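# Coordinate analysis (summary)
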Amino acid sequence: MKLLRRTRGHRASASASGLVAVAALLASGTASAAPDAGIKASTLGAQAAQSGRYFGTAVAAGKLGDGTYATILDREFNMVTPENEMKWDTTERTRGSFDFAPADQIVAHATAHGQRVRGHTLVWHSQLPGWVGSITDANTLRGVMNNHITTEMAHFKGKVYAWDVVNEAFADGSSGAHRASVFQNLLGDGFVEQAFRTARSADPAAKLCYNDYNIEDWNAAKTQGVYRMVRDFKSRGVPIDCVGFQAHFGTGGPPASFQTTLSNFAALGVDVQITELDIAQASTTAYANTIRACWNVARCNGVTVWGIRDSDSWRSGDNPLLFDRNGAKKAAYNSVLTTMGGAPAATTGTADTAALPGSYSWSSSGVLMSPKPDSTHSIAGLKDPSVVYYNGKYHVFASVASASGYGLVYLNFTDWSQAASATHYYLDRTPIGSGYRAAPQVFYFAPQKLWYLVYQTGNASYSTNSDISNPNGWSAPRNFYASMPDVIKQNIGSGYWVDMWVICDSGNCYLFSSDDNGHLYRSQTTLASFPNGFANTVIAAQDSNKYALFEASNVYKVQGSSQYLLLVEAIGSDGRRYFRSWASSGLAGSWTALAASEANPFARASNVAFPGGSWTKDISHGEMVRAGYDQTLTIPSCRLQYLYQGKDPNAGGDYNTLPWRLGLLTQTNSAC
Ligand code: 9MR
């Protein structure tokens, strides 16, 4: 993003510079070798994702406020199962009166951190309120069961990836038959089929699973009973998508036949998952054998452990989990990670996690969004997009530029194919007001339950809103700083103070900005003080060639890893815009080159394919499509997408009147 009323473009001077200097970033190191295939991640979720799988955990709503617990949860796991909060005795304790508040808390946390949710469980004989158990009439029970399934699934529609529709319907022992329960006793074997059919109608997009324990041994009568039921369902078209194997194991771990069991079920045409894994005393071999059994079966698409620390376990006396009571990784953790193909992080200091590769290739869409001038807004360029996916929609904020200056616009749509037809809301008609407002960045600040829109006005400014989809809800601009920090005044030269960017970790928030003069600045405040208190402004990175470290910086947290990603827009030797990238293990840390040169860029016309026609040679100011939407700015570790501005390569003239349009890059060299 450029400053208002810039009259001079950069292309001539950039070409004159003739080359891009080798990065002279403060405290930079050497680029690590690009992993060419099979990246070794150092967290469970990121490594599972390398093979398209997930790694999940059971979560208790009451523990989300525990810092150690939440830190491990958000670092390691990309699927969560509410341990008790979606069960009948919580959600419908009295007939017809539903309480989803505890589960909503977990779902909100998961969504904000880019984690998917497994719904557990709709129909189960246990943790069932007394009033259901007292029903004596089949029709009443059928109605009650269907209503429970429909109401709960409707509430979480679009937010739950897979449901344990029925849990533990089969008896232990040698019968291979259903266990006694109020459902079985009044409705017979058919209650399971009824539940699955009702579930499919309630949320056709959710995966529907049957979940049980002691069905891991292929030779067990219970396993055979469940297998016959699934085979029968598949042969008659009863909707079932997956079978969950709880895997609550004794010290020896899984039975020898576990992999056979998983592959035999998968051969029926269902996905299989390990849904509640814990192993008494957590032997490394027992955990490795369990993971290997799943990884050897293509349709085994995820593992969930039943809790984080031993102290969180329902069988805590057995110390069955991957983290000890203090939250330290146990030997079993490293065993699981290496069995999946990952590499344990170094225990001390250094940038340990290589979640992202060292080189990139992309495919670009055509133009997805163009200016929509109206009677009071004549617009040349649509620029600087910020995007979050929230509540089933992409929400895009962007600059609109013209000879008369800069403003902001908002649009939303459900799918990229709908972007072109979205309505453009001009934010100068809201309390944000008119005048110089540009380069927006949007995120949800979870501690305050408020959306923030950060933008430049000459100062670094922000507005807040409780509803991202309501353009009129934004507050009037406020400034982060009383005035330009001294270090910027001293270094900005003839540049401009642009492109403010906020990102927070669990303790602090950081405000990055650029000066179009080769400096990236960083200020800091505490999470508790945000949005106030930004101070200690320092130069986070610099380059003696200002075009090599120009503007439009983005900083992200890589999901399931301890890696942060820095992108900075540069102007290449051909005068075209492109992005360079660096990684760090901390937001205030030093940045190590990732894909940071013109020859090995993060995103440049040279590593982007344009299947629909090459409409731009500039890959300029934009934002990654995030995995979540909160202040941690978490992005996925694979299949990255970047919304950017590009323009007709033949267009020229005053910078503010260039015909910028928005397009989407999708990573094509992802290992997963
Ligand atoms: O871990 C759960 C524990 O907190 C509850 O008290 C218990 C109540 O039955 O349920 C535990 O989770 C169970 C899961 O829902 C179904 N499979 C067996 C799990 C361990 O008992």
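A brief report on the enclosed structure follows. Counting starts from 1 at the beginning of each chain's written sequence and moves along it residue by residue. With the structure being a predicted model, the display of local features is reserved for residues of pLDDT at least 70 and the display and counting of side-chain atom pairs for 80 or more, all residues being used for whole-chain, interface and lining totals. The basis for the side-chain values is all heavy atoms of the structure; hydrogens and waters are excluded.

### Some remarks on the overall build of the protein
- By definition, any uninterrupted DSSP run of H or I lasting at least four residues is a helix, any uninterrupted run of E lasting at least two residues is a strand, and each is numbered from the N terminus. Looking only at helices and strands, one finds 14 helices and 31 strands in the protein.
- Rg of the C-alpha trace for the protein: 27 Å, near the compact-globule value of 26 Å for 672 residues, within the 12% margin.
- Dimensions of the protein, computed from the C-alpha atoms along their principal axes, are close to 85 × 50 × 45 Å.
- A 1.4 Å probe rolled over the protein chains alone gives each residue an accessible area, and that area as a share of the maximum for its type sets the label: buried under 20%, exposed over 50%, partly exposed in between. Counting all 672 residues of the protein, 60% fall into the buried class.
- Contacts were defined at the residue level, with two residues in contact if any of their heavy atoms lie within 4.5 Å. The long-range fraction of contacts in the protein, counting pairs at least 24 apart against all pairs at least 6 apart in sequence, stands at 66%.
- Summed over its atoms, the accessible surface of the protein is roughly 22,800 Å², and 49% of this surface lies on carbon and sulfur atoms. Restricting the calculation to C-alpha atoms gives the radius of gyration, and the globule rule supplies 2.2 Å times the number of residues raised to the power 0.38. Using a 1.4 Å probe, the Shrake-Rupley method yields the accessible areas, and only the shown protein chains count as cover for residues.

### Regarding the sheet that holds strand β31 (residues 661–667)
- Any two strands with at least two DSSP bridges between them are considered paired. Read across the open sheet, the 5 strands follow the order β27-β10-β31-β30-β28; overall the sheet is mixed. Both edges of this open sheet fall to β27 (608–609) and β28 (620–624), since each of them pairs with a single strand only.
- Note that strand β10 (residues 362–364) and β27 share 2 bridges and pair parallel. In the strand pairing of β27, S363 is matched with A609.

### Details of unusual backbone geometry
- A cis amide bond links H120 with the next residue in sequence, T121, at an omega value of 0 degrees.
- For T121, the position within the fold is in strand β3 (residues 116–124).
- Phi at N214 is positive, roughly 55 degrees, even though this residue is not glycine.
- Mapped onto the elements of the fold, N214 is located in the loop between β5 (207–212) and α10 (221–236).
- The exposure class assigned to N214 is partly exposed, which follows from its relative accessible area of 42%.

### What to know about the packing of aromatic side chains
- Any two rings among Phe, Tyr and Trp, with Trp reduced to its six-membered ring, count as a pair given centres within 6.5 Å; such a pair is stacked if its planes are under 30 degrees apart, edge-to-face if over 60, and tilted if neither. Overall, the coordinates contain 49 aromatic pairs when judged by the stated rule.
- For the ring pair F170 and Y210, a centre distance of 5.9 Å and an interplane angle of 85 degrees mean the geometry is edge-to-face. Of the two residues, F170 is situated in the loop between β4 (162–167) and α8 (182–187) and Y210 in strand β5; the sequence distance between them amounts to 40 residues. The same class applies to F170 and to Y210, which are both buried.
- Taken together, F443, F445, Y452, Y462, F480, F530 and F534 form an aromatic cluster joined through their ring pairs.

### Description of the state of the cysteines
- Any two cysteine sulfur atoms lying within 2.5 Å of each other are counted as a disulfide. Following the criterion strictly, the structure yields 3 disulfides and no others.
- Two residues, C209 and C242, share a disulfide whose sulfurs are 2.1 Å apart. Since a negative S-S torsion denotes a left-handed disulfide, the C209-C242 link at about -75 degrees is left-handed. On the criterion of sequence distance, the pair formed by C209 in strand β5 and C242 in strand β6 (residues 242–245) is long-range, its members being 33 residues apart.
- Here C504 is linked by a disulfide to C509, with a sulfur-sulfur distance of 2.2 Å. Looking down the S-S bond of the C504 and C509 bridge, the torsion is 100 degrees, so its handedness is right-handed. For the pair shown, C504 and C509 are each scored as buried.

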